[in-house]
Amino acid sequence: LGIPHNAWYRGALEGIATSELSALLPFSKKFSWNVLLHVVLQAHFQQASLGSGDRSMISADRRLPKKSFERMLMGLRDWIAKLEPKGSGRSVWSDYEDDNSYSFGAAKQKATFIQDFVVATAPQMLWDLGCNTGHYSQVALEAGADYVVGFDFDHGAIDKAERRATKRELRFLPLVLDATNPTPNQGWCQAERKGLAGRAEGDALLALALVHHLAIGKNVPLPDVVDWLLALAPRGVVEFVPKSDPMVVELLRFREDIFANYTTDYFKQCLRERARIVRCETVEQSDRTLIWFERH
């Protein structure tokens, strides 16, 4: 239906209830045999049993043969495997790789900077925060990173990243993440599913064109952004996008500019207080800055 459902699982670790899904589906969708069988009828029988108080429908004597159960599950699996996101994964940021403000030279400079970083640090687990469709994740893998986990809040971009990883057989796992509202530890004793920090530890990270989304888009103070990045990995590459950049101008177009401290110099100051800046470059034909850092 084109409705993101990932966050739904925070409140339903065992999946989306058929009663809820059936109630939300448009009437026209219920004519699908698979939807009718696996969603509508299950929800109907469950509700009928609860409403009548008749427990015979779930009696131990009424058992579904194992072979029938297996055929039902395999049919359900095959159906789900063929489903595609509505709109072919198109979203606000899914076309950013091909439609952005970078020149060819700037994109090549970024790739070279990342290649140099990866060759020098040889990360086993690299986190690409704001990975979009995974272009620079692939650059890092081709430069020698052993494994990359990419994160982005845009579902369409992540769909494209997943297709890239599958088609090119990359050691790359793209995941949906809202950095300002990550999934917490969940389940029994808050231990069934771990939050971001508890699931793995990266030994390097990329944060390209991400800081302005956090600092201006989500009002996170720059010192807090830096603390968060350094807590995730001991070294990395971050791209700082200043107010003069078209992307930040767009972010500020419909709101008051309350971000007096949002400057390249202040960001570097925050970083130097907590880490060592190994290398710094201004991106060609822009005011963007690439910063290679190592935690103290």
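Residues numbered from 1 in each chain as written. Predicted model: local features only at pLDDT ≥ 70, side-chain atom pairs only at ≥ 80, totals over all residues. Heavy atoms only, no water.

S.K.: Looking at this model, I keep getting lost on the pairing of strand β5 (residues 235-240). Mind explaining?
M.R.: Every other side chain in a regular strand lies on the same face of the sheet, so the side chains alternate between the two faces. Counting buried positions along β5 gives five out of six residues, so the element sits mostly inside the fold. As judged from the three bridges shared by strand β4 (residues 204-207) and β5, these two strands associate in the parallel manner. Across the sheet, L205 pairs through a bridge with G236, a residue of β5. The pairing of β5 with strand β7 (residues 289-295) spans six bridges and is antiparallel. (Buried < 20%, exposed > 50% of the residue type's maximum accessible area, 1.4 Å probe, protein only. Helix = DSSP H or I, 4+ residues; strand = E, 2+ residues; numbered from the N terminus. Pairing = 2+ DSSP bridges.)

S.K.: Even after reading the chapter, I still don't get the sheet that holds strand β2 (residues 147-152), so can you show me in this structure?
M.R.: Strand pairing in a sheet relies on backbone hydrogen bonds, with the paired strands running either antiparallel or parallel. One open sheet holds the seven strands; their spatial order is β3-β2-β1-β4-β5-β7-β6, and the pairing between them is mixed. With one partner strand each, in any of the chains shown, β3 (172-176) and β6 (275-282) form the two edges of the open sheet. Strand after strand, the sheet turns through a mean of 15° between neighbouring axes, direction not considered. Two elements, β6 and β7, share seven bridges in a ladder whose sense is antiparallel. Note on β7: the bridge partner recorded for C280 is I291. Packing of helix α4 (residues 104-121) onto the sheet brings it into contact with β1 (125-129), β4, β5, β6 and β7, and relative to β7 it is tilted by some 15°. (Axes fitted to C-alpha atoms, helices over the stretch in contact; angles between N-to-C directions. Contact = heavy atoms within 4.5 Å.)

S.K.: Can you walk me through the pattern of salt bridges in this structure?
M.R.: In total, this model carries eleven salt bridges according to the counting rule given. Across the pair E273 and R274 runs a salt bridge whose closest N-O atoms are separated by 3.2 Å. Using a relative accessible area of 22% as the deciding quantity, one classes R274 as partly exposed. A salt bridge links R276 to E294; the nearest nitrogen and oxygen atoms lie 3.1 Å apart. Here R276 is found in strand β6, whereas its partner E294 is found in strand β7, with 18 residues between them in sequence. (Salt bridge = Lys/Arg side-chain N within 4 Å of Asp/Glu carboxyl O.)

S.K.: Explain α4 to me, please; I cannot follow it from the model alone.
M.R.: In an α-helix, one turn spans 3.6 residues, which is why side chains three or four residues apart end up on the same side. For α4, built from 18 residues, the straight-helix expectation of 26 Å at 1.5 Å per residue is met to within 8% by its first-to-last C-alpha distance of 26 Å. Turning to α4, its buried residues are A106, Q109, K110, A111, F113, I114, F117, V118 and T121. Of the surrounding elements, those touching the buried residues of α4 are β1, α5 (135-143), β4, β5, β6 and β7. (Expected span 1.5 Å × (residues − 1).)

S.K.: Would you mind going over the packing of helix α9 (residues 222-232) against helix α11 (residues 264-272) with me for this structure?
M.R.: In a pair of packed helices, the angle between the axes and the distance between the axes together describe the arrangement. Two numbers describe how α9 lies on α11: the axes approach to 9 Å, and their chain directions differ by 45°. The pairing of α9 with α11 is recorded here as oblique in orientation. Between α9 and α11 lies a crossing whose hand is right-handed. Each of L222, P223 and V226 in α9 lies in contact with α11, whose residues at this interface are Y266, F267, C270 and L271. (Parallel < 35°, antiparallel > 145°, perpendicular 65-115°, else oblique. Left-handed = near helix turned anticlockwise from the far one by under 90°.)

S.K.: Got a minute to help me understand the nonpolar core in this structure?
M.R.: Most often, soluble globular proteins have nonpolar side chains that are buried together. Counting 34 residues, the largest nonpolar core has L205, V211, V238, Y262 and F267 as its most contacted members. Residue assignment for this core shows that the elements contributing at least two residues are β1, β2, β4, α8 (211-217), α9, β5, α11 and β7. With six residues, α9 is the single largest residue contributor to this core. Apart from residues lying up to four places away in sequence, L205 is in contact with F117, L126, W127, L129, L229, L232, A233, R235, G236, V237 and F293. A106, L126, V148 and L170 belong to the second-largest nonpolar core, a separate cluster that totals 26 residues. (Core = buried A, V, L, I, M, F, W, Y, C linked by side-chain atoms within 4.5 Å.)

S.K.: For this particular structure, what's the right way to read the packing of α4 against α5?
M.R.: Following both chains from N to C, one finds α4 and α5 inclined at 40°, their axes separated by 9 Å at the closest point. The pairing of α4 with α5 is recorded here as oblique in orientation. You can see that α4 and α5 cross each other, and the crossing is right-handed. The residues of α5 that touch α4, namely those facing A107, K110, A111, I114, Q115, V118 and V119, are Y136, V139, A140 and A143.

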